[in-house]
Amino acid sequence: MSTRRSPTRAMPNSHAIPRPPHLRLGVNIDHVATVRNARGGAVPDPVRAARLAIAAGADGITAHLREDRRHIRDEDMARLKAEITKPLNFEMAATEQMLDIALKIKPHAACLVPEKRTERTTEGGLDVIGQRAHLAPFVAELGRAGIRVSLFVEPSREALDAARAIGAPVVELHTGSWCHAVEHGDGDQATREFARLMGAAMHAEHIGLECHAGHGLDYRTAEVMAALPQVVELNIGHFLVGEAIFVGLEQAIRSMRAAMDKGRHELWAMTVRRDEGAQASGPTDGGGARPATGKAAPAEAGGGKGGKGQGGKGKGRAPA
Ligand code: PXP
């Protein structure tokens, strides 16, 4: 009997296999405010950028009100909450002052991040294990106010277990080390870092945490992250605001959306192909349908040597 794939066989399978969940794009508009603050005036307005981002396909807006107010200011947060039509994700350090502001503004979500005055950007994830006692009341109080809390963490099981233990419903995996390795063409390091991200995403799902990811993502790395079915949201800022200089913010967001959709679609198509292959080779090969949230598929999308996201040519370019 022929084992070649036939279209008649492919159709019912592709219908039977559910697509992975929609991957939300949270656009971080901090660096629009960075440019504004360079001159101390009112332009460019980050709220205008947020509205445009939503019109271009962003599923939400992320803004980090830093303790030193180096980019986003208090009034930006208030205006964002009042003026945008999609969920607002308030990135904040776990301080009493930020908690008060968050409780007043009542964003849809709050992402707790570590913050050092001297850092250029958020370096590393929260020390959830060491800071459990400090973080737990923030998670509880934000949660009581109806704000969905996430913790920005390194992709480690221990950090996720600790996040779960203090009652956080969501984690955001720090993709910075992986993106850095990709950017510098360090394939071995990129492979290791991606394996950590993949393991953490699977563990998050296993222990019931919603999984987000972000930091340092560009078109190419976002496409690879989209192949992790457990990840339901990416938060991306610096690259998009940089791209906006060349192609405009709207086009940058549309290209990012296309890259993420491509990554998600490829994951699903691969699952369908595997299902077809398993059916064609009969019941004795131990195969069978892998659900679209299949655990192993993403390895092929970016974990292996020479896979996408390993650096090299084409990094950061708009998808075809
Ligand atoms: N997620 C978190 C928690 C962050 O702190 C940042 C940076 O502000 C981002 C995502 C976005 O990172 P980037 O600007 O590198 O895309």
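Our subject is the structure listed above.
Everything numeric in this text was worked out from a predicted model, so none of it was measured.

What counts and how
Residues numbered from 1 in each chain as written. Predicted model: local features only at pLDDT ≥ 70, side-chain atom pairs only at ≥ 80, totals over all residues. Heavy atoms only, no water. Helix = DSSP H or I, 4+ residues; strand = E, 2+ residues; numbered from the N terminus. Contact = heavy atoms within 4.5 Å. Areas by Shrake-Rupley, 256 points an atom, 1.4 Å probe, with all protein chains shown as cover. Patch = residues over 30% accessible without salt bridge, like charges linked within 9 Å, V, L, I, M, F, W, Y side chains within 5 Å. Salt bridge = Lys/Arg side-chain N within 4 Å of Asp/Glu carboxyl O. Buried < 20%, exposed > 50% of the residue type's maximum accessible area, 1.4 Å probe, protein only. Axes fitted to C-alpha atoms, helices over the stretch in contact; angles between N-to-C directions. Parallel < 35°, antiparallel > 145°, perpendicular 65-115°, else oblique. Left-handed = near helix turned anticlockwise from the far one by under 90°. Pairing = 2+ DSSP bridges. Right-handed = clockwise from strand over helix to strand, strands pointing away.

Regarding the overall build of the chain
- Each helix and strand counted, the chain has 13 helices and eight strands in total.
- Counting only contacts in the chain whose residues sit at least 6 apart along the sequence, the fraction spanning at least 24 positions is 71%.
- Roughly 14600 Å² of accessible area belongs to the chain as shown, and the carbon and sulfur atoms make up 54% of that amount.

Details of a nonpolar patch on the surface
- On the surface, Ile245, Phe246 and Val247 cluster together to form a nonpolar patch covering roughly 370 Å² of accessible area.
- Here Phe246 shows up in helix α11 (residues 238-247).
- The exposed category is assigned to Phe246, whose relative accessible area is 69%.

Here we look at the packing of α11 against helix α12 (residues 249-280)
- One way to put it is that α11 packs onto α12 with a least axis distance of 7 Å and a crossing angle of 125°. Taken together, the axis directions place α11 and α12 in an arrangement best described as oblique. Where α11 crosses over α12, the handedness of that crossing is right-handed. Across from Phe239, Leu240, Glu243, Ala244 and Val247 in α11, the residues of α12 making contact are Leu249, Gln251, Ala252, Ile253 and Met256.

Quick notes on unusual backbone geometry
- Following Val43, the chain continues into Pro44 via a peptide bond in cis, with omega recorded as -5°.
- Within the secondary structure layout, Pro44 lies in the loop between α2 (30-39) and α3 (46-56).
- At Arg69, a residue that is not glycine, the phi angle is positive and equals roughly 50°.
- Residue position: Arg69 is located in the loop between β2 (60-64) and α4 (74-83).
- Phi at Lys106 is positive, roughly 55°, even though this residue is not glycine.
- Inspection of the secondary structure assignment puts Lys106 in the loop between α5 (96-105) and β4 (109-112).

Re the pairing of strand β7 (residues 210-214)
- Burial within β7 is extensive, with four of its five residues counted as buried.
- As paired elements, strand β6 (residues 170-174) and β7 share five bridges and run parallel to each other. Considered in β7, the bridge of Glu172 is made with His212.
- Where β7 and strand β8 (residues 231-236) come together, four bridges link them in parallel fashion. Paired with Ala213 across the strands is Leu234, a residue of β8.
- Regarding topology, helix α10 (residues 219-225) serves as the crossover connection from β7 to the parallel β8, and that connection is right-handed.

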